[in-house]
Amino acid sequence: MEASMQIRGRTECAKSFENGECQMGFTKSTDVIIVGAGLAGSALAHSLGKDGRQVLAIERDLTQPDRMVGEVLQPGGYLKLVELGLEDCVNEIDSQRVLGYVLYKDGKSVELPYPLENCHPDVAGRSFHYGRFVQRIREKAASLPNVRLEQGTVTSLLQEQGTTKGVHYKTKTGQEMTAYAPLTVVCDGNFSNLRRSLSEPKVDVLSTFVGLILENSQLPFPNHAHVILAEASLLLFYPISSTEVRCLVDISGRKVPSISNGEMADYLTTVVAPQIPSTLYKAFISAVEKGNIRTMPNRCMPAAPYRIPGALLLGDALNMRHPLTGGGMTVALSDVALLRQLLTPLDLLNDVSSFIESFYTLRKPMAFTLNTMAGVFQNMLCASADEVKCEMRQACFDYLSLGGACASGPVALLSGLNPSPWALTPHLLLGAIQSMGRLLLPFPSPKRIWFVARFIGDGLGFIFPLIKAEGVGSMIFPATLLQRYTASPVIRNNLVMALFSIGKNGPN
């Protein structure tokens, strides 16, 4: 499947020109403009188009994306894919079933399977080439007669008296256009140029992923993602096709070895390679020698949207978390499913103000759970020379090694199968207690007590800002939102439906 694969269906916007503005060639006016047709945008375009909406999706580049993250879809994300009718998009792209994780430390390993006992046999994680997956969804969206995918660049939102009315954009030929719709959804990714118009973003770079593709290699545990807690870096391996394994090396801090002068290759071969399982060693060295090494900064950004009538943010344009736990696509697909459900009862989208508020609140249980799990694992498992961090890392490994609920609970949370802040709390507490126990035993010396104080301070310093950013009340008690919007039975009933759908485990 080539990177230049074109979208089947109508990808160009049929236009007639009136006063230099774009008048869409639909028999009805456009209902929704979607800025960006990556995973979130193309999935939303298909979902709303299938519901009969007239959709215009504008994407900077409609050729197949080439990126090294967004390659693992958690089981919770696959369930959302089923809910949206897009589960067949993981077919015909050589995707691989993922059944859980294997965690390595100091020569020991612990298997962490997904708790899929109550799910349909087809439910599992999936891993693949991101570009192939997105292109499949784009094709499916473009096949609908009321969905148009157009290649172009949105330059700004069209706003009148505080309400978004549409977008200004340039076509791929450079022609300036204007398109109108009662709802504009901005999901143009982590480099969004419209984010600041709709939110107050606070982007933090947590670490850097160094990516390689290992060819013709087999993982020690087939159909599992492998996480290696190496001394210098955290390593992640998972299959992306029947013959390829993705390797990601997490490097903390801002300073990353240079690829151009050979420092990176030297770091990978002398520091990282000796800590890799023997079955992967030769393929790893071969990948380094081929020189196809890529880097990507790992960004984190809490959702802080403005409530602007007529527009909302979605996907990485709204919210980002460390990609270690692979939760980004699950959050995005959950947001798409929720937005579609909120909009379904509306014949017209002339007033969606209340739904914008509802969407930003009802998305929080899933988003907060996966954001927190990503942050916790990144903070506790990342490589560090700090003694307290090393103890936290060991305590996390020991806690998951206990098995039973101590393993299945956290895995259910990070996989999106149990997106509940209430279920997250006891594991955070038990993990903290075990960490503090390790730090205090065998005797609570002044140094160990100081370690515990630092551990508590570091933990609170991470958790409290995240809870503040998400909004603790609406995050844990989203049902209270029903008390705000009781004037319309349609709104009230639809919010009830959305609440009951959160955390659903799919077909049994």
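Small disclaimer: the values here were computed from a predicted structure and weren't measured.

Basis of the calculations
- Residues numbered from 1 in each chain as written.
- Predicted model: local features only at pLDDT ≥ 70, side-chain atom pairs only at ≥ 80, totals over all residues.
- Heavy atoms only, no water.
- Helix = DSSP H or I, 4+ residues; strand = E, 2+ residues; numbered from the N terminus.
- Buried < 20%, exposed > 50% of the residue type's maximum accessible area, 1.4 Å probe, protein only.
- Contact = heavy atoms within 4.5 Å.
- Areas by Shrake-Rupley, 256 points an atom, 1.4 Å probe, with all protein chains shown as cover.
- Core = buried A, V, L, I, M, F, W, Y, C linked by side-chain atoms within 4.5 Å.
- Pairing = 2+ DSSP bridges.

Would you take a moment to explain the overall build of the protein chain for this structure?
When its secondary structure is counted, the protein chain shows 15 helices and 19 strands. Looking at the protein chain as a whole, 55% of its 508 residues are labelled buried. The contacts in the protein chain between residues at least 6 apart in sequence include a share of 74% that link residues at least 24 apart. By element, 55% of the accessible surface of the protein chain is carried by carbon and sulfur atoms, the whole surface being about 21200 Å².

Honestly, the nonpolar core in this entry has me stumped. Any pointers?
Taken as a class, soluble globular proteins show a tendency for nonpolar side chains to be buried jointly. Leu39, Phe133, Val167 and Val185 are the most contacted members of the largest nonpolar core, which has 117 residues in total. When residues in this core are grouped by element, the largest group, nine residues, is from helix H7 (residues 328-343). What phenylalanine 133 contacts, discounting residues up to four positions off in sequence, is Leu39, Leu81, Cys89, Val90, Ile93, Phe128 and Met329. Leu212, Leu219, Met264 and Tyr267 belong to the second largest nonpolar core, which has 27 residues in total.

For this particular structure, what's the right way to read the sheet that holds strand S5 (residues 72-73)?
Remark on secondary structure: sheet strands pair via backbone hydrogen bonds, oriented parallel or antiparallel. Here three strands make up an open sheet; going across it, the order is S5-S9-S6 and the pairing antiparallel. Edge positions in the open sheet fall to S5 and strand S6 (96-98), since each of these has one partner strand only. In the sheet, S6 pairs with strand S9 (residues 125-127) via three bridges, with the strands oriented antiparallel. Paired with glutamine 96 across the two strands is serine 127, which belongs to S9.

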